Every structure is written in structure tokens, then in C-alpha cells.
Amino acid sequence: IKGAINLPMRSALFTALCAWCALAGVHAQRGAGAHSSSTPDVANKYIVTFTPEATSVQMEVTETFILEHGGEVRSRFRTVLKGFSAYIPPEIVAQVEANDYVERVEAEQVMSTNKGGFGFGGH
């Protein structure tokens, strides 16, 4: 099927997207003059992904709902995955998750690597 991505591939891409968003947050904070050892603030920040069948109208309705309740859409993803990263007020997270065309709402997380990483020169 043209454009179809199997579930393991979607899961791997979602994980990579989470890592990218976490790293983008670290880079943005450092650029703003934050101390390099500070932890990015990920409170109430989520990555929302939609089902492959979700239409652009359904995605826009979800974005508008979040904005109308004090949230903020930060980055939109429309090529490999359908979704966006956003600040979502805690009181509406369950409502966003309950939408039939929302595949997943996952809290952003801080990720780090070990010094020397993956067994190369680390202790």
C-alpha cells in the first residue's frame, strides 16, 4: 500500500521523534543562555500523533481545542508521522487522548547519554 508504514516502523519513528524534540528543547534552552547542566522543562509538554486515517481537518480541530484551552502547539509533523508537539494543560490531556483519530499522546521526556556512551571510552 502506497505510503503505509508498519507498526514497528511507526513506533521506531515515534521514539526518534521524541528524542529529537527532547534534544531540540535542550538546544533552545542553551541558546537562550541557560546553564548547560540545567534540565529542560518538559512539564505539560506532549507529542500527539494521529492515526494514518486522520484528516487534516481532524488534526486542526485537535490543535484548535488545545489552543482554546490555554495550550500551545510547538511543532507540526506531517510527513512520516501525523502529529505535533504541544504544551497541553493537564485538565484536557484525557480529552485529547479520547479522540478516535488520536493514536497516542505521550509526555515529553528528558533523555541523556552516558559519558563516552555505548561502551566507547565510558567507565
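Predicted model only: the values in this text are computed from it and were never measured.

**What to know about the nonpolar core**
And step 1. In this structure, Val48, Phe50, Ile66, Phe84, Ile88, Val102 and Val105 are the most contacted members of the largest nonpolar core, which totals 16 residues.
And step 2. Going through the elements one at a time, strand S1 (45-50), helix H2 (56-68), strand S3 (83-87), helix H3 (93-97) and strand S4 (102-107) are the ones with two or more residues in this core.

**Notes on the pattern of salt bridges**
And step 1. Throughout the structure, instances matching the rule amount to 4 salt bridges.
And step 2. For the salt bridge of Glu63 with Arg76, the shortest nitrogen-to-oxygen distance reads 2.9 Å. With a gap of 13 residues between them, Glu63 in helix H2 and Arg76 in strand S2 (residues 72-77) connect regions that are remote in the sequence.
And step 3. The exposure class assigned to Glu63 is buried, which follows from its relative accessible area of 6%.
And step 4. Salt-bridge contacts for Glu108 lead to Arg74; the nearest nitrogen and oxygen are separated by 2.7 Å. With Glu108 in the segment after S4 and Arg74 in strand S2, the pair connects residues that are 34 residues apart, well separated along the chain.
And step 5. Glu108 sits in the buried class, given a relative accessible area of 10%.
And step 6. Connected via shared salt-bridge partners are Glu63, Arg76 and Arg78.

Reading the values: the criteria
Residues numbered from 1 in each chain as written. Predicted model: local features only at pLDDT ≥ 70, side-chain atom pairs only at ≥ 80, totals over all residues. Heavy atoms only, no water. Core = buried A, V, L, I, M, F, W, Y, C linked by side-chain atoms within 4.5 Å. Buried < 20%, exposed > 50% of the residue type's maximum accessible area, 1.4 Å probe, protein only. Helix = DSSP H or I, 4+ residues; strand = E, 2+ residues; numbered from the N terminus. Salt bridge = Lys/Arg side-chain N within 4 Å of Asp/Glu carboxyl O.

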